[in-house]
Protein chains: 2
Amino acid sequence: MSPTSPDHDFSRLDAWWRAANYLSVGQIYLMDNPLLGEPLRLDHIKPRLLGHWGTTPGLNFVYAHMNRAIKARDLDAIFIAGPGHGGPGVVANVYLEGSYSEVYPAVSRDAAGMRRLFTQFSFPGGIPSHVAPETPGSIHEGGELGYALLHAFGAVFDNPALVACCVVGDGEAETGALAASWHSNKFLNPARDGAVLPILHLNGYKIAGPTVLARIGDEQLAQLMRGYGWEPHFVSGDEPFAMHAAMAHALDASLEAIGAIQAEAREDGFSTRRRWPMIVLRTPKGWTGPKNVDGAAIEGTFRAHQVPLTGFAEDPAHIGLLEDWMRSYRPEELFDAAGSLRPEIAAQAPEGSRRMSANPHANGGLLLKDLLLPDFRTYAVAVTTPGAVRAEATRVAGQFLRDVMRLNDAHANFRIMGPDETASNRLGAVFEVSDRTSTALIEPGDDHVSPDGRVMEVLSEHLCQGWLEGYLLTGRHGFFSCYEAFIHIIDSMFNQHAKWLKTTRKIPWRRPVASMNYLLTSHVWQQDHNGFSHQDPGFIDHVANKSADVVRVYLPPDANTLLSVVDHCLRSRDYVNVIVAGKAPAHQWLDMAAAERHCRAGLGVWTWASNDEGVAPDVVMACAGDVPTLETLAAVDLLRQELPELKVRVVNVVDVMALQSPLAHPHGVSNATFDSMFTTDAPVIFAWHGYPALIHRLTYQRANHGNFHVHGYREEGTTTTPFDMTVLNRLDRFHLAAAAIDCVPRIRDIAGHVQQRLRDRLLEHHAYIRCHGQDMPEIAGWQWPAR
Amino acid sequence: MSPTSPDHDFSRLDAWWRAANYLSVGQIYLMDNPLLGEPLRLDHIKPRLLGHWGTTPGLNFVYAHMNRAIKARDLDAIFIAGPGHGGPGVVANVYLEGSYSEVYPAVSRDAAGMRRLFTQFSFPGGIPSHVAPETPGSIHEGGELGYALLHAFGAVFDNPALVACCVVGDGEAETGALAASWHSNKFLNPARDGAVLPILHLNGYKIAGPTVLARIGDEQLAQLMRGYGWEPHFVSGDEPFAMHAAMAHALDASLEAIGAIQAEAREDGFSTRRRWPMIVLRTPKGWTGPKNVDGAAIEGTFRAHQVPLTGFAEDPAHIGLLEDWMRSYRPEELFDAAGSLRPEIAAQAPEGSRRMSANPHANGGLLLKDLLLPDFRTYAVAVTTPGAVRAEATRVAGQFLRDVMRLNDAHANFRIMGPDETASNRLGAVFEVSDRTSTALIEPGDDHVSPDGRVMEVLSEHLCQGWLEGYLLTGRHGFFSCYEAFIHIIDSMFNQHAKWLKTTRKIPWRRPVASMNYLLTSHVWQQDHNGFSHQDPGFIDHVANKSADVVRVYLPPDANTLLSVVDHCLRSRDYVNVIVAGKAPAHQWLDMAAAERHCRAGLGVWTWASNDEGVAPDVVMACAGDVPTLETLAAVDLLRQELPELKVRVVNVVDVMALQSPLAHPHGVSNATFDSMFTTDAPVIFAWHGYPALIHRLTYQRANHGNFHVHGYREEGTTTTPFDMTVLNRLDRFHLAAAAIDCVPRIRDIAGHVQQRLRDRLLEHHAYIRCHGQDMPEIAGWQWPAR
């Protein structure tokens, strides 16, 4: 009988739902007596009651219905629990499907396993209270809200057979990221991508406060969804069997509509964006939970949000209420005496990898193919003499990325994301092989826009980040280029992704995924166009707070080093790689062989720029970042002209984490290596791309740390020339040279005239740019002299 | 004649628009010959051409029409330029209105002033390329996109007469913050608040890529806006006079509708949320600019985004194109020979403070009233012996905030924002005097929800932050409580606000505004409920990167110090104050008098906890933050019991910036003071709330820095007990005591048995919590002993 027939029997589906609800309550409350084989006692109940009941029965309801649909249609589906606080619900379903016991055998499908399942939840040494990396079938940590739809879309891009069932909570729907992410359907191509089925779950309250979308009325909500390009199906109520029928009907209608949209596009080619189906599910908060406790309404109110029944020691009658609640699910009908799910209920679940909890897409490393990478050396800028040629580093990297995209086109497993536009960041070569993705209206004058593109441009860092997370976690590769200042917009999303990666390191069944690769360009020193609001190099500091296991930061000084770094990052796994590189025409220092050696070492002495002949230098001029490297070399040139007796060593750092102790970061070089470059006693003038504190922090344990003088961004900026920006922050060649002289007493005492000349030239610069609006030719045209 | 009559004469309005366009082009291009008194030459043109032309004519168009409406209706209005990159447009209008010359007399209303106006734009030593703090009439820096509507709503809350005309770019409309902020109308009460008139400006492209909202068709766009609760009026075209008529009609209709909604609510009381009007303005990008250059279409395409005409040196014919373009505005009709705007065009502007560029709301410090504050001392927790009583710090602060809200109710100038819910953060006492704000549907069981509330709860940190910025910048006060981990969601908004404040410090006509006050609670050490995703204390690090002029960070160790800090912050001006304080029941250490003294000093020796008798201690046990303070005192208790011969000094830090040198931060204490507390040679075990690096960074210049051993958050977390969290991160009493012993050789050599006992007790704890799921009673119940 068709499930949409009014006479369809939902009793087994309902039994599954009851089983999931039972197990959810058990996880929140019990540490013993899991089957209620004896009357419930206080010592069966956990001393600390943690968890979110309110959203859980709704999640269980959707999961049960998805299982019916998966079986009926042999669907390839994953489940994204936006309200991930409802961890006990998802874990319950995963356990019922058997996947949980497969990866955690100790949590067996019997009474002993159930007891363990209950006890471990939100328990020291156990599992977290949210849907988490530990949860089989999940690619979405449900702690920080707002990214569910983005992860769902990321998962289905280039996965034509996949359906991501995405429950969106009405709380998280208030977030910025989620509000924008409904528009992701303008970037989804039904001919080559899978489908997202959003289920907006309105249970009315965040914690105590009402939610916006639950309180705007069905008419406006329907308009909103239609305006976002969706066709809503409403399912509202609280009577289980009526709700089962309505939900089955809505789900079937939605899946039919998805199938029709896909069939049309796959048969005839994509032509017009259709409205995709979505479901609005309105149920009471804490549905099926206690109706009233101590005279206060619980079900359907904000009081059902977390743990609706507490105070068992103070009021033993509450123990009876809990027992009544749990028995209302009729566990004896669900589990046999040994605690195993009865076979006819277990048969509600799909089998093998059709179970959402065992779908390999949700453990993307299983599906991950290595990227095919061209030899990055063939894109090298020819550098015969350091500094003799100029190039735009990101433009060169763009040529490499173009061919990465071309080589992997057949695998459809590489996308480039950018809020600030790929061409503006000089990665435009990729448009030779792919377009900007859009399934919205395309107009005649549009530049490389098509539904088939894999360059994702949207003016939302949240969308770029969330899509890419979903894409990576389902076993593909990507590259995210962003204005440096505005990557802070996803600071918190980065946090969550880094935490996810750190946690998965300890989970043996989670397979490594491709790294999250950021290219931060249009950086703080190149914002002469946009000024102060666009100047912030602090993302590196933010990243450095996260586990050394998962974060890497690279500042290649030129195009060839950038090529080497990009190649390395695209091959890596389970990291967050942050690359900072400029897009403006800039001096090139290293030929490809030298660049590769330099990047492999992470840092090194540039002997061609040094005059210390490998013995003890008077001063070490260190630098990291393209602009600091330029200014350092220009300063060294000044010093060598003015004070040839000063012995200067130049050290350049590409891999910033190499500065740390190897105990603090796996890339950290040994003290012996560090000291061989930075010495143990010479003053070090360190020209640094970002806020100075980071260099102190990373070198804090090194012998020579007390002699480090770091010049970096001092939060001074405006709309001015690139060189003037360095002057404002004392990172320019004149300040660096003066600082070097100042810390070598032997030289300082004889170099008063040089210091005066440096000051004069700064003043000259100041007057010149204020008159002419550009840098003096001698500064803009400076070159490293052949020596 | 009514402006909506088909025969209305828009020629003077059009002249204003042409004048604004002329001045905009002049700012982008010219450094001389402002009135085109002679044929344009290369040396009249700036060497570096910066600015965004594409959005500018649309901004000028809206501004001109708003002026007509303001004069016709005596409106009290401000202008928010979401596409703030169009800085030259807004500056042009401000100059035409005369406001610019009033605050910058050198930029006079004549040819010399116009020349200066042109030259200074995006020029070293001049003004930024975006709408910025330097721009009279602005409360919105248009560099980072997405916050325009939020600032507009913040401005009109509690300003019933004010209309914020808010231009939203179709680029920024893709951002998360903006997508969510359309829902702000559910928080706007027409009876007591003003109105926001959004003008969604579709010019079709971000930079080179098409925008989402320009490509979904008018039907879906209208549905979207209706779904968001707005009634859209469409104005589309490119023929200026047809567009003038259409825009005037749409603007009049919108202002009528606003008036009707307000009148209804003000006469009869608010009952039902109405759809507010908004305008969709569709014009060509770079409207009125060059149609074609060198065979490529410019107007209406992405090529009009920034500077549409360049290469003057290479192709002198372009100079003629620029001159033609500028002359197309017929400057001789607009300005007299001296360069002054002709009076009949100048008369298009409103007068005095009705000019949007001179509206005092946009320089909120002019309107700012001090908050009326009750005596915070009267809310004190009675503390007779340190540690004898427990209290929830934020709950106590909530009582103070309740009375702040009550006292200022008549002034309607104080709001509390929170994404994570006021009651959950234990500030629930405020509901005794105010409700949660909502003008959406309110249902019978709702808890303190009403259209008259001033507690703003929405599950979007972006909305809370943006509203509060708008509210503060228009001269009011506020308080933002947030889960500590998720304040990172607004890292980038904080950046922009801090940059705004830093810049305004240098602008004499900008009056100080109330500080942005954050209370970060539910912090990293109290996330036993939510686990790892909710554990991140890094916002402090992020804040510490910004200018010392504007940021302050406080970690009060208990309720009485929190009261003193909150009082201080609410009185302060032009700062960002970050307060971190727990909400869980916790030990109270200081009576009110001691708390006040301690907060005034910023840090100090707790002699009652020390046994060094004021002479040289063996070890300094320092702490900042409530949980680190608790663990430090418990460690000191252990040490004093086990090793009474060890001389321990306890230093507690409330004002973290006091640790810095006074050269680095105005709150920094002198070296003499610092050394008197931390000594110059004793080991310092510093228990710190956040990531350890910050303490090193702040104390780096101090004599004793080499002896600092900082214990803090090491990015280890999960769902576990509060004490176990400290153990995972080695911040617990046992690790702290062991560290103290370890760094005093005299004691270390005799204390092997003590170290063993500390290790045993840690293991005991470990076993206990894994068995019982809670901390050992001796830990949970520990008290500072009366001595």
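Definitions and cut-offs
Residues numbered from 1 in each chain as written. Chains lettered and ligands numbered in written order. Predicted model: local features only at pLDDT ≥ 70, side-chain atom pairs only at ≥ 80, totals over all residues. Heavy atoms only, no water. Helix = DSSP H or I, 4+ residues; strand = E, 2+ residues; numbered from the N terminus. Rg over C-alpha atoms; globule rule 2.2 N^0.38 Å. Buried < 20%, exposed > 50% of the residue type's maximum accessible area, 1.4 Å probe, protein only. Domains from an automatic or database assignment. Contact = heavy atoms within 4.5 Å. Buried area = accessible area lost by both parts, 1.4 Å probe. Salt bridge = Lys/Arg side-chain N within 4 Å of Asp/Glu carboxyl O. Polar contact = N/O pair within 3.5 Å; in protein donor to acceptor, adjacent residues only side chain to side chain. Least-squares fit on C-alpha atoms with pLDDT ≥ 70 in both. Pairing = 2+ DSSP bridges. Axes fitted to C-alpha atoms, helices over the stretch in contact; angles between N-to-C directions. Core = buried A, V, L, I, M, F, W, Y, C linked by side-chain atoms within 4.5 Å. Phe/Tyr/Trp six-rings, centres within 6.5 Å; stacked < 30°, edge-to-face > 60°. Lys NZ or Arg CZ within 6 Å of the ring centre and 35° of its normal.

Draft legend 1. Inspection of the overall build of chain A at higher detail. A tally of regular secondary structure across chain A gives 26 helices and 22 strands. Relative to its length of 787 residues, chain A is compact, with a C-alpha radius of gyration of 30 Å against a globular reference of 28 Å. Its C-alpha atoms give chain A principal-axis dimensions of about 95 × 65 × 40 Å. Here chain A, with 787 residues, has 70% of them falling under the buried criterion.

Draft legend 2. Expanded view of the domain arrangement of chain A. Residue and element names in this part refer to chain A. Domain boundaries assigned for chain A yield domain 1 (11-355), domain 2 (379-586) and domain 3 (603-780). Look at where the C-alpha atoms of domain 1 and domain 2 centre, and you get two points 34 Å apart. The interface is formed by 35 residues belonging to domain 1 together with 32 residues belonging to domain 2. Of the roughly 2,700 Å² buried where domain 1 meets domain 2, counting both sides, 61% is carbon and sulfur surface. For the interface between domain 1 and domain 2, the tally reads three salt bridges. With its nearest N and O atoms 2.8 Å apart, the salt bridge here joins Arg 454 to Asp 158. The interface formed by domain 1 and domain 2 includes 23 residue pairs in polar contact (both at pLDDT 80 or more). Mapped onto the side of domain 1 that touches domain 2, the elements with two or more residues apiece are helix H6 (148-156) and helix H7 (176-181).

Draft legend 3. Examining unusual backbone geometry more closely. Residues and elements named next belong to chain A. Not every positive phi belongs to a glycine, and Asn 33 is a case in point at roughly 60°. Examined against the element boundaries, Asn 33 turns out to sit in the loop between helix H1 (11-29) and helix H2 (56-73). Residue Asn 33 is classed as buried on the basis of its relative accessible area, which comes to 6%.

Draft legend 4. Molecular detail of the relation of the copies chain A and chain B. When chain A is fitted to chain B, the residual RMSD is 0.0 Å, and the transformation amounts to a turn of 180° plus an axial shift of 0.0 Å. Both chain copies can therefore be described as sitting about a two-fold axis. Closest to the rotation axis within chain A is the C-alpha of Gly 176 of chain A, separated from it by 2.0 Å. The share of interface residues of chain A whose copies in chain B are also at the interface is 100%, consistent with both copies meeting through the same surface.

Draft legend 5. Structural detail: the sheet that holds strand E3 (residues 195-202) of chain A. Residues and elements named next belong to chain A. An order of E1-E2-E3-E5-E4 is seen for the five strands of this open sheet, with the pairing classed as parallel. Of all the strands in the sheet, the pair left with one neighbour each is strand E1 (76-81) and strand E4 (230-236). Neighbour-to-neighbour, the strand axes of the sheet open up by a mean angle of 20°, direction not taken into account. In this structure, E4 lies alongside strand E5 (residues 276-282), joined through seven bridges in parallel fashion. Bridge assignment links His 233 to a residue of E5, and that residue is Ile 279. Packed on one face of the sheet, helix H9 (residues 240-268) meets strand E2 (162-169), E3, E4 and E5 and runs near 165° to E5.

Draft legend 6. View of the nonpolar core. Counting residues in each nonpolar core, the largest one holds 364 residues, and the members touching the most others are Phe 678 and Phe 686 of chain A together with Phe 678 and Phe 686 of chain B. Apart from the residues lying within four places of it in its own chain, the contact partners of Phe 678 of chain A are Leu 603, Val 620, Ala 622, Val 651, Val 653, Leu 659, Val 684, Phe 686, Asn 704 and Phe 708 of chain A. In terms of nonpolar packing, the next biggest core, distinct from the first, is built from 85 residues, Leu 562, Leu 570, Trp 589 and Ile 747 of chain B among them.

Draft legend 7. Summary view of the side chain of His 244 of chain B. With respect to the secondary-structure elements, His 244 of chain B resides in helix H9 (residues 240-268). Sequence-distant contacts of His 244 of chain B, defined by excluding residues within four places in its chain, comprise Phe 10, Leu 13, Asp 14, Trp 17, Phe 61 and His 65 of chain B.

Draft legend 8. Quick peek at the packing of aromatic side chains. Applying the stated criterion across every chain yields a total of 70 aromatic pairs over all chains. The ring of Tyr 575 of chain A carries the charged tip of Arg 552 of chain A above its face, separated from the ring centre by 3.8 Å. Over the ring of Tyr 205 of chain B we find Arg 215 of chain B, and its NZ or CZ is 5.5 Å from the ring centre.

Draft legend 9. Representation of the sheet that holds strand E20 (residues 648-653) of chain B within the structure. All names here are of chain B. Reading across the sheet, the five strands line up as E18-E20-E19-E21-E22 and stay open at both edges, with mixed pairing between neighbours. Only two strands of the sheet have a single partner each, and these edge strands are strand E18 (603-605) and strand E22 (708-711). The sheet shows a mean angle of 20° between the axes of neighbouring strands, taken without regard to direction. Two elements, strand E19 (residues 619-624) and strand E21 (residues 684-688), share five bridges in a ladder whose sense is parallel. In the strand pairing of E21, Ala 624 is matched with Trp 688.

Draft legend 10. Broad picture of the environment of Ile 207 of chain B. All names here are of chain B. Tracing the chain through its elements places Ile 207 in the loop between strand E3 (195-202) and helix H8 (217-227). Judged by its relative accessible area of 24%, Ile 207 is partly exposed. Put simply, Ile 207 and Asp 336 are 129 residues apart on the chain and 37 Å apart in space, counted from C-alpha to C-alpha.

Draft legend 11. Highlighting the environment of Ala 191 of chain B. All names here are of chain B. Looking at the secondary structure, you find Ala 191 in the loop between helix H7 (176-181) and E3. Along the backbone, Ala 191 and Asp 268 are 77 residues apart, and their C-alpha atoms lie at a distance of 9.0 Å. Setting aside chain neighbours within four positions, we find Ala 191 in contact with Ala 265 and Arg 266.

Draft legend 12. Inspection of the interface of chain A and chain B at higher detail. In this assembly, 117 residues from chain A lie in contact with 117 residues from chain B. Both sides together, the interface formed by chain A and chain B hides about 9,100 Å², and carbon and sulfur atoms give 55% of it. Ranking the residues of chain A by area buried against chain B places Arg 215, Leu 459 and His 529 of chain A at the top, with a combined share of 8%. Across the chain A-chain B interface, the total number found is 14 salt bridges.

Draft legend 13. Just the pairing of strand E9 (residues 414-418) of chain B, in detail. All names here are of chain B. Most of E9 sits inside the fold, with five of its five residues counted as buried. Here E9 shows a buried face lined by Phe 414, Ile 416 and Gly 418 and a second buried face lined by Arg 415 and Met 417. Bridge analysis of E9 against strand E13 (residues 477-483) gives four bridges, and the strand direction is parallel. Within E13, the residue paired with Arg 415 across the bridge is Gly 478. Bridging between E9 and strand E12 (residues 455-457) involves three bridges; their strand directions are parallel. Within E12, the residue paired with Met 417 across the bridge is Met 456.

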